[in-house]
Amino acid sequence: MKWVEKKWVSVTLLWLAALCIWQLGAVIYGPDVIPGPWTTLLGGRELLEDGTLMQYIGISFYRVLVGWVLGSLIAIPVGLIIGKVNVIRIFAEPFLNFIRFIPPIAFITLFLVWFGIGEQSKIALIMYATFFIVVLNTLTGVMSVEDDKIRSAHSMGASEWQILLHVIVPATIPYIFTGVRLAMGTSYMAIIGAEMIASNEGVGYLIWNSRLFFRTDWIFVGLFCLGFMGFFTDRVFNWFGKKVLYRYGVVSVAAKRR
Amino acid sequence: MSLPATSHTIHIEQLRKSYNVGAAVTDVHYIIKDVNLVIRGGEFFVLLGPSGCGKSTLLNMIAGFVSKSGGRLRVGNTEVNKPGSDRAVVFQQADSSLFPWLTVRENVEFGLRMKKMPRSERRSVSDRYIGLVGLNGHEEKFPKELSGGMKQRVQLARVLANDPAILLMDEPFGALDAMTRRTMQKELVQIWRETHKTVIFVTHDIQEALLLGERIGIMSVGPSSNITDIYDNTLAYPRDVAASEFYALYNRIQSHFEE
């Protein structure tokens, strides 16, 4: 049974098994409850042909990307400052630990009131979903920089500013990377919720709206799209980490598995 | 004591480090108490004592990492109260003090880069010290690709590149295997003799102290630790562990700790 251990064989078998179970479910419960692989594929083609699917994927992607990048860009320096300055940390930590337990979805209504029905409220929501995870990870990273590194930089004549830039930031990069990567996941969760409640475009809207026509196959298409979008962005981000940030000790999960 | 007042003589007078253990003024716990010591510029001085006796604390105070609670501590005529590039530190753990995101060369050039030295000048300095510690051919490697002994060589080259007057070494060979350790000890003596730095070397190993130091300061067991005796070690370098004088001195110091 050696041939089963080959990666491509085992992976293919696994996928085939998953498809079989899915199909079996469709046969038992009927295509209205569980649309089978083929039905889903047809539903997907339908949505592709009238152009809505790509448009929805595009708009969801755009919202996540803008909110996630902006949120991270704000969160990283904030995390560095909170981690570096004791006075600020003592003040900020309880606040951070209070607010991070409020899920982004809970803010949707408020954000609609504050930022309007348009794109702004959705992007603000993604920024919120990103911000606290990245801040907390960056902060943890700053706190775990070894004293010896800072001391040795000091006695080699580095100024406080140089230590921040040339010691603390590079030493914190693996933590920042993990934070930003985790934030990507919560961003997708937040945007789907937001699109379900307050949007007429996007993958979340597609999933929510399909219920009106009882098109469970479209719901399945939406779910698959979400999975692929997340998978794709995570892979690209991981690849970037491996290539560009290798020297900072960023390890990708995929590389570890091999 | 009348010693020539060179600019890098370290004067330590009634030096104390304490912390409060209770609310009352008398609830003070001394790590080191009333240490008096003069270390001449260019000297190889070893601080010898059992674990937890405060020798690292004393070293960290000279480095400027730990503030003093009382007494005086001067290098030349300047009072020490913060780290300075005249006092370089070689830490026990290379893994926590080297910068893992920089190559060997970049680690060695760190201090020079902070001083904004141009790249070509930096390169010639790093070439020189990487050569001095015997790391030629490893310039482009990252610390994680090196062995423990090689990492300590990087630390040594990294501080020497800044041309400090004083080298503070905190059990730098403590984590190395016996053979690597012996090689490193020999090379350190050689580097010291070539560069004429003042070295203050902390260890709890009597043999290491005798192989390296011109003078060996014995620290008493803490708390309220102090330098109780100073032994002169006039044996010629490189020293022979098997020589009878070496053995005699070893026994004298050994008996000191058995009292």
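Since the structure is predicted, the reported quantities are computational estimates derived from the model, not experimental observations. (Residues numbered from 1 in each chain as written. Chains lettered and ligands numbered in written order. Predicted model: local features only at pLDDT ≥ 70, side-chain atom pairs only at ≥ 80, totals over all residues. Heavy atoms only, no water.)

A. Just the environment of B:Ser224, in detail. The topology assignment puts B:Ser224 in the loop between strand 9 (215-219) and strand 10 (227-232). Between the C-alpha atoms of B:Ser224 and B:Asn77, which are 147 residues apart in sequence, the distance is 27 Å. (Helix = DSSP H or I, 4+ residues; strand = E, 2+ residues; numbered from the N terminus.)

B. The arrangement of the domain arrangement of chain A in detail. Residue and element names in this part refer to chain A. Split by domain assignment, chain A resolves into domain 1 (1-33) and domain 2 (35-257). Of note, the centres of domain 1 and domain 2, computed from C-alpha atoms alone, are 31 Å apart. Across the boundary between the two partners, domain 1 contributes seven residues, which contact eight residues of domain 2. Summing both sides of the interface, domain 1 and domain 2 together bury roughly 670 Å²; the carbon and sulfur share of this comes to 66%. Inspection of the region where domain 1 meets domain 2 yields zero salt bridges. Summed over the shared surface of domain 1 and domain 2, the number is two residue pairs in polar contact (both at pLDDT 80 or more). Broken down by class, the residue content of the side of domain 1 that touches domain 2 amounts to five nonpolar, one polar and one charged. (Domains from an automatic or database assignment. Contact = heavy atoms within 4.5 Å. Buried area = accessible area lost by both parts, 1.4 Å probe. Salt bridge = Lys/Arg side-chain N within 4 Å of Asp/Glu carboxyl O. Polar contact = N/O pair within 3.5 Å; in protein donor to acceptor, adjacent residues only side chain to side chain. Nonpolar A, V, L, I, M, F, W, Y, C, P; charged D, E, K, R; others polar.)

C. Quick look at the UniProt feature "domain: ABC transmembrane type-1" (unreviewed entry) in chain A. Those places that UniProt annotates as "domain: ABC transmembrane type-1" (unreviewed entry) correspond, in this numbering, to residues 57-241 of chain A. Across residues 57-241 of chain A, helical content stands at 84% and strand content at 0%; the span's end C-alpha atoms are separated by 25 Å. (UniProt positions renumbered as here; feature names shortened; annotations may be inferred.)

D. Inspection of the interface of chain A and chain B at higher detail. Counting residues at the interface gives 19 residues for chain A and 30 residues for chain B. Interface of chain A and chain B: buried area, both sides summed, is about 2,100 Å²; carbon and sulfur atoms make up 61% of it. Looking only at chain A, the three residues that lose the most surface to chain B are A:Arg151, A:Met156 and A:Arg247, adding up to 35% of its buried area. Summed over the shared surface of chain A and chain B, the result is one salt bridge. Here A:Arg247 makes a salt bridge to B:Glu106, at a shortest N to O gap of 2.9 Å. Remark: the boundary between chain A and chain B carries seven residue pairs in polar contact (both at pLDDT 80 or more). Taken together, the elements giving at least two residues each to the side of chain A that touches chain B come down to helix 7 (147-155) and helix 8 (160-198) of chain A. Here the side of chain A that touches chain B takes seven residues from helix 7 of chain A, the largest share from any one element.

E. Local environment of helix 7 of chain A. Looking at helix 7 of chain A, one finds that the buried residues are A:Asp148, A:Lys149, A:Ser152, A:Ala153 and A:Ser155. Burial along helix 7 of chain A is one-sided: seen end-on, the buried residues are contained in an arc of 170°. Where helix 7 of chain A is buried, its residues meet helix 8 of chain A together with strand 6 (87-90), helix 2 (94-97), helix 4 (110-114) and helix 6 (148-160) of chain B. In the stretch just after helix 7 of chain A, A:Gly157 is the one whose phi turns positive, near 90°. (Buried < 20%, exposed > 50% of the residue type's maximum accessible area, 1.4 Å probe, protein only. Arc of directions from axis to C-beta.)

F. Structural view of the pairing of strand 8 (residues 198-203) of chain B. All names here are of chain B. Counting buried positions over the six residues of strand 8 gives six, a clear majority of the element. By the alternation rule, side chains of strand 8 split into Thr198, Ile200 and Val202 and Val199, Phe201 and Thr203, which are all buried. Pairing geometry for strand 3 (residues 44-48) and strand 8, over five bridges, is parallel. In the sheet register, Phe45 faces strand 8, and the bridge partner there is Ile200. Summarising the sheet, strand 7 (residues 166-170) and strand 8 pair through five bridges and their orientation is parallel. Across the sheet, the residue bridging to Leu168 is Ile200, located in strand 8. Regarding the hand of the β-α-β motif, the stretch spanning strand 7, helix 7 (residues 178-195) and strand 8 is right-handed. (Pairing = 2+ DSSP bridges. Right-handed = clockwise from strand over helix to strand, strands pointing away.)

G. Geometry of the pairing of strand 6 of chain B. Residues and elements named next belong to chain B. Burial along strand 6 is two-sided: the face carrying Arg87 and Val89 and the face carrying Ala88 and Val90 are both buried. Pairing of strand 6 with strand 7, which is carried by four bridges, proceeds in the parallel orientation. Across the sheet, residue Ala88 finds its bridge partner in strand 7, namely Leu167.

H. Focus on helix 7 of chain B. All names here are of chain B. Compared with an ideal rise of 1.5 Å per residue, which puts 18 residues at 26 Å, helix 7 spans 26 Å between its outermost C-alpha atoms and is within 8% of the ideal. Those residues of helix 7 that sit buried are Arg181, Met184, Gln185, Leu188, Val189, Ile191, Trp192 and Thr195. Taken end-on, helix 7 shows its buried residues confined to a sector of 165°, consistent with a single buried face. Every exposed residue of helix 7 that faces more than 90 degrees away from the buried side is listed here: Met179, Lys186 and Glu194. Against the buried residues of helix 7 lie strand 3, helix 5 (119-132), helix 6, strand 7, strand 8 and helix 8 (206-212). Just past helix 7, the residue His196 takes up positive phi, approximately 60°. (Expected span 1.5 Å × (residues − 1).)

I. View of the sheet that holds strand 4 (residues 70-75) of chain B. All names here are of chain B. Read from one edge of the open sheet, four strands run 2-1-4-5, paired in antiparallel fashion. Only two strands of the sheet have a single partner each, and these edge strands are strand 2 (28-39) and strand 5 (78-79). Sitting on the sheet, helix 1 (residues 55-63) touches strand 1 (10-20), strand 2 and strand 4, and the angle it makes with strand 1 is about 115°. (Axes fitted to C-alpha atoms, helices over the stretch in contact; angles between N-to-C directions.)

J. Up close: the packing of aromatic side chains. Residues and elements named next belong to chain A. Here the structure, examined in full by the defined rule, presents 22 aromatic pairs over all chains. Judged by centre distance (6.3 Å) and plane angle (65°), the rings of Phe213 and Trp218 are edge-to-face. A residue is classified by how much of its surface remains accessible, and Trp218, at 15% relative accessible area, is buried. Aromatic pair Phe237 and Phe240: ring centres 6.3 Å apart, planes at 20°, arrangement stacked. A residue pair is termed a helical-turn pair when its members lie 3 or 4 positions apart in one helix, as Phe237 and Phe240 do in helix 10 (residues 216-244) at three residues. Residue Phe237 is classed as buried on the basis of its relative accessible area of 15%. Taking relative accessible area as the criterion, Phe240 reaches 35% and is therefore assigned partly exposed. (Phe/Tyr/Trp six-rings, centres within 6.5 Å; stacked < 30°, edge-to-face > 60°.)

K. How the structure looks around the UniProt feature "transmembrane region" (unreviewed entry) in chain A. Residues and elements named next belong to chain A. Residues annotated by UniProt as "transmembrane region" (unreviewed entry) correspond here to residues 61-83, 95-117, 123-142, 163-184 and 218-237. Helix makes up 57% of residues 95-117 and strand 0%, with an end-to-end C-alpha separation of 28 Å. In residues 218-237, the share of helix is 100% and the share of strand is 0%. The end C-alpha atoms are 28 Å apart.

L. A look at a positive patch on the surface. Residues and elements named next belong to chain A. Taken together, Lys7, Arg235, Lys242 and Lys243 make up a surface patch of like positive charges. When residues in the positive patch are grouped by element, the largest group, three residues, is from helix 10. Mapped onto the elements of the fold, Lys7 is located in helix 1 (residues 7-29). (Patch = residues over 30% accessible without salt bridge, like charges linked within 9 Å, V, L, I, M, F, W, Y side chains within 5 Å. Areas by Shrake-Rupley, 256 points an atom, 1.4 Å probe, with all protein chains shown as cover. Lys, Arg positive; Asp, Glu negative; His and termini not counted. Charge placed at Lys NZ, Arg CZ, Asp CG, Glu CD.)

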